[in-house]
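# Structural description and commentary
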Amino acid sequence: MISKVLIANRGEIALRIIAACREAGLATVAVHSEADRNSLHVRLADEAVCIGPPYANASYLNITAVISAAEITGADAIHPGYGFLAENAHFAEVVGECGMTWIGPPPEAIRLMGDKATARRTVAARGVPVLPGSQEPLTSREEAVKLATEIGFPVILKASAGGGGKGMRVARDARELRHAFDTARHEAERAFGVADVYLEKYLTAPRHIEVQVIADTRGKVVALGERECSIQRRHQKLIEEAPSPVVDETLRTAMCEAATAAAAAVGYASAGTVEFLYEDGHFYFMEMNTRIQVEHPVTEAVTGVDLVLEQLRVAAGNPLSLRRRPRIQGHAIEFRVNAEDPESFAPSPGEITELALPGGPGVRVDTHIYRGYRVPPYYDSLLAKLIVHGRDRAEAITRGRRALSMFLVEGVKTSIPLHLRIVDDPDFQAGRLSTQFMERFLKPS
Ligand code: MV4
């Protein structure tokens, strides 16, 4: 049983979690930094506690401050959202030790998937496809060169403790690999405190396709289909869609079975995402994100499942509300509206002086901004998520273009003009996507 949920987050996801709690009849506690006093999550939660100064290290990442806020207000559960403490296994453990319910996966599942070399080995042992590479972290340059020669260049070195693109190095031949081995280990040591790196065959222009899973604490795992997330820049996703233009029902079944097996391999519960690389009809496990993700609404749109509500259900020990993989209904696209210069991608904090949000058929906007809101410079630049849904991809694109053109934000620069250019791009319209899409799109031609 849960009755009062503390939300250890800010921005749009804090509002999304408040919405789910309110539907479930649960009381809510917001926490906020000194910079977020005037935030909507503070006003809309039943209670709010200031947990420290603006920088996240002193507030949203301060475990002692968050736990104290929960104890003072009598919260009996904590939802971490995404980012901040969401994938901190130690924090998840502390929440449990303090007698509160963690609205997320078991700490051990977070830990296993957090070590990328362990994750790869664990899922491969259950038959999930992985690219050719090393089963254990590499111990020497010459071991790396020997393995790379066997599987063929190019190869990629990845930090075991990394993820999300941090600590990666590509090598096209043995000479490059020897150099990359040393720099990758050095970077990994500096960034994560652990130098371990492993090696994989490198795909030059794959798609990023991920599968949403939700699991209860009774060992039931259900996959909710895939999202195509290839449109990204420097590992920041810009546009996500469901279903993927290249995934048919046969491939979907195979990917969903692989994702379910990966989750089951670590005793998963709650919402999670299994990321794959896709090329030429084949898919390979990349990593698992042990949190609710920014792009979860596209899956909600095409399945009708409220993922955050399901997280609350299973955290309270209840079974999932669905027994099998739901059918995919239509097509959904999410556009991330960031406070940034659409040319330089530089952050653009400041006051929102005018705001008009789009609506109408097939349009959802998840946002925390309002007219007069000041976008602080301390956190990520996500202002809003525009999610459009149509009967097919063409209708979703039409609705996206219409909604983007009726989305007015003044006072800060936003990524809306960039999105309006992307929706008119012939490759985007044809679904010809890859992780190289934005590089090609932004190239002056
Ligand atoms: C790869 C790859 C190609 N081959 N692994 C980037 C994020 C991190 N999770 C893994 N990443 C990649 N791993 C192999 N063996 C290409 C990438 C990659 C990428 C993946 C997903 C989305 C965007 C990307 C951009 C550049 C590189």
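With that settled, the discussion passes to the sheet that holds strand β4 (residues 77-79). Read from one edge of the open sheet, five strands run β3-β2-β1-β4-β5, paired in parallel fashion. Each edge of the open sheet carries a strand with a single partner, namely β3 (47-52) and β5 (101-102). The pairing of strand β2 (residues 27-33) with β3 spans five bridges and is classified as parallel. Residue histidine 32 lies in a different strand from β3, and its bridge partner there is cysteine 50.

Let us now look at the site of the ligand. Around the ligand there are 17 residues in total, and Lys158, Glu200, Lys201, Leu203 and Glu287 lie nearest to it. Here a nitrogen atom of the ligand and a backbone polar atom of leucine 203 are 3.0 Å apart. At 2.8 Å, a side-chain N or O of glutamate 287 approaches a nitrogen atom of the ligand. The protein chains hide 92% of the 520 Å² of surface that the ligand would expose on its own. Listing elements by their share of the shell around the ligand, those giving two or more residues are β6 (155-163), β8 (197-201) and β13 (282-289). Residue composition of the shell around the ligand, by class: seven nonpolar, six polar and four charged.

Reading across the sheet, the eight strands line up as β13-β12-β9-β10-β11-β14-β19-β17 and stay open at both edges, with antiparallel pairing between neighbours. Each end of this open sheet is capped by a strand with a single partner; those strands are β13 and β17 (363-367). Taken over all neighbouring pairs, the strand axes of this sheet differ in orientation by 25° on average, direction set aside. Note that strand β11 (residues 236-242) and strand β14 (residues 331-338) share four bridges and pair antiparallel. What sits directly across from isoleucine 239, in β14, is phenylalanine 335.

Turning our attention to helix α5 (residues 107-114). What α5 keeps buried is the set Ala109, Ile110 and Met113. On an axial view of α5, the arc spanned by its buried residues comes to 100°, and they lie on one face.

We now examine the nonpolar core. Soluble, globular proteins show a tendency: their nonpolar side chains are buried together. Within the largest apolar cluster, 33 residues are counted, with the highest numbers of intra-cluster contacts made by Ile231, Leu383, Ile422 and Phe428. Elements with a minimum of two residues in this core: β11, β14, β19 (382-390), α12 (393-405), α13 (416-423) and α15 (437-442). The residues touching leucine 383, leaving out its near neighbours within four places in the chain, are Val337, Asn338, Ala339, Ile352, Thr367, His368, Ile369, Val375, Val412 and Thr414. One finds Val5, Tyr82, Ile103 and Val305 within the second-largest nonpolar core, a separate group that totals 31 residues.

Criteria and cut-off values
Sequence order as written defines the numbering, with residues in each chain counted from 1. Local features in this predicted model are restricted to residues whose pLDDT is 70 or higher, and side-chain atom pairs enter the listing and the counts only when it is 80 or higher, whereas totals over whole chains, interfaces and linings include all residues. Note: side-chain values were computed over all heavy atoms of the structure, leaving out hydrogens and water. We treat two strands as partners when DSSP finds at least two bridges between them. Helix and strand assignments follow DSSP, with helices taken as H or I runs no shorter than four residues and strands as E runs no shorter than two, numbered in order from the N terminus. Any residue with at least one heavy atom within 4 Å of a molecule or strand is counted as near it. Side-chain atoms alone can form a polar contact between residues adjacent in sequence; in general such a contact is a pair of N or O atoms within 3.5 Å, and within protein one must be able to donate a hydrogen while the other accepts it. Note on areas: these come from Shrake-Rupley sampling with a 1.4 Å probe, and a residue is covered only by the protein chains present in the view. Classification used: nonpolar for Ala, Val, Leu, Ile, Met, Phe, Trp, Tyr, Cys and Pro, charged for Asp, Glu, Lys and Arg, polar for all others including Gly. Here the axes come from fitting lines to C-alpha atoms, over the contacting stretch only for helices, and the angles between their N-to-C directions go from 0 to 180 degrees. Classification of residues uses two cut-offs on accessible area relative to the type maximum, computed with a 1.4 Å probe and protein chains only: under 20% is buried, over 50% is exposed, and between them is partly exposed. Arc, as used here, means the arc of the directions from the helix axis to the C-beta atoms. Nonpolar cores were defined as sets of buried Ala, Val, Leu, Ile, Met, Phe, Trp, Tyr and Cys residues, with membership established by side-chain atoms within 4.5 Å. It only takes one pair of heavy atoms within 4.5 Å for two residues to be counted as in contact.

Just distances and angles here, no functional claims.
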